[in-house]
Amino acid sequence: MGGLSLFQALSDKMRWHQERQGVLAENIANADTPGFVQRDLKAFSFDDEMKSVAMVTTSTTSPGHISVSSGGGSGRFGDLSRPFEITPSGNGVTLEDEMMKVSSNDMDYQAVTTLYTRSMRLLKIAIGRQA
């Protein structure tokens, strides 16, 4: 189950990048709008994400078993409706800066999707199905 929380975190990271792409597109679309304040999403943190997912607990059923302690999580496994926090980041929109953010966001999204895809392929191989 612990490995599945990694997949949940990767899915959340991909959704974060998708949401951020939309916010950055709004910034670019409103670059000439008087009084428009550019926005960005609060940074995604894997540490925070991993603290909020369900954790696996272990128990010893025989004296010969090794005892392992793990923290129990509150668990929000499968919660797909969590919105990301949008925060203002300045008074003006600089197109060059926004385009750099869009490019960086796209590269990060591609990295996360590649990691997710390869992890899924490894799981399929592990259960005996060819990738």
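The structure presented is a predicted model; accordingly, all values stated were derived computationally and were not measured. (Residues numbered from 1 in each chain as written. Predicted model: local features only at pLDDT ≥ 70, side-chain atom pairs only at ≥ 80, totals over all residues. Heavy atoms only, no water.)

Remarks on helix 3 (residues 95–126)
- For helix 3, which comprises 32 residues, the first-to-last C-alpha distance of 46 Å matches the rise-based estimate of 46 Å (1.5 Å per residue) to within 8%.
- Among the residues of helix 3, those classed as buried are Glu98, Val102, Asn105, Val112, Thr113 and Ser119.
- Backbone geometry just downstream of helix 3 places Gly128 in the positive-phi region, at approximately 95 degrees. (Helix = DSSP H or I, 4+ residues; strand = E, 2+ residues; numbered from the N terminus. Expected span 1.5 Å × (residues − 1). Buried < 20%, exposed > 50% of the residue type's maximum accessible area, 1.4 Å probe, protein only.)

Examining the packing of aromatic side chains
- One pass over the full model with this rule turns up 2 aromatic pairs.
- Relative to Tyr116, the ring of Phe7 lies with its centre 5.5 Å away and its plane at 90 degrees, an arrangement referred to as edge-to-face. You can see Phe7 sitting in helix 1 (residues 2–29) and its partner Tyr116 sitting in helix 3, a full 109 residues away along the chain.
- On the basis of relative accessible area, Tyr116 is assigned to the partly exposed category, the value being 24%.
- With a centroid separation of 6.3 Å and 50 degrees between ring planes, the pair formed by Trp16 and Phe44 is classed as tilted. With Trp16 in helix 1 and Phe44 in the loop between strand 1 (39–41) and helix 2 (46–52), this residue pair connects regions lying 28 residues apart in the sequence.
- The class for Trp16 is buried, based on a relative accessible area of 7%. (Phe/Tyr/Trp six-rings, centres within 6.5 Å; stacked < 30°, edge-to-face > 60°.)

Regarding the pattern of salt bridges
- This model, assessed by the stated rule, comprises 4 salt bridges.
- Arg20 is the salt-bridge partner of Asp40, the closest N and O atoms lying 2.8 Å from each other. Pair noted here: Asp40 is in strand 1 and Arg20 is in helix 1, with a separation of 20 residues, a long-range link. This pair shows no difference in class: Asp40 is buried, exactly as Arg20 is.
- The closest approach of N and O atoms between Arg39 and Glu26, which form a salt bridge, is 2.7 Å. Placement of Arg39 in strand 1 and of Glu26 in helix 1 is noted, with a sequence separation of 13 residues between them. (Salt bridge = Lys/Arg side-chain N within 4 Å of Asp/Glu carboxyl O.)

Points about the confidence of the model for the protein chain
- Confidence in the prediction for the protein chain averages 75 pLDDT; 63% of positions are at 70 or higher.
- Averaged pLDDT values for the elements of the protein chain fall to 59 in helix 2 and rise to 92 in helix 3.
- In the predicted structure, residues 69–82 sits below a pLDDT of 50 and forms 28 contacts with residues beyond four places in sequence or in another chain. (pLDDT = per-residue confidence, 0-100. Contact = heavy atoms within 4.5 Å.)

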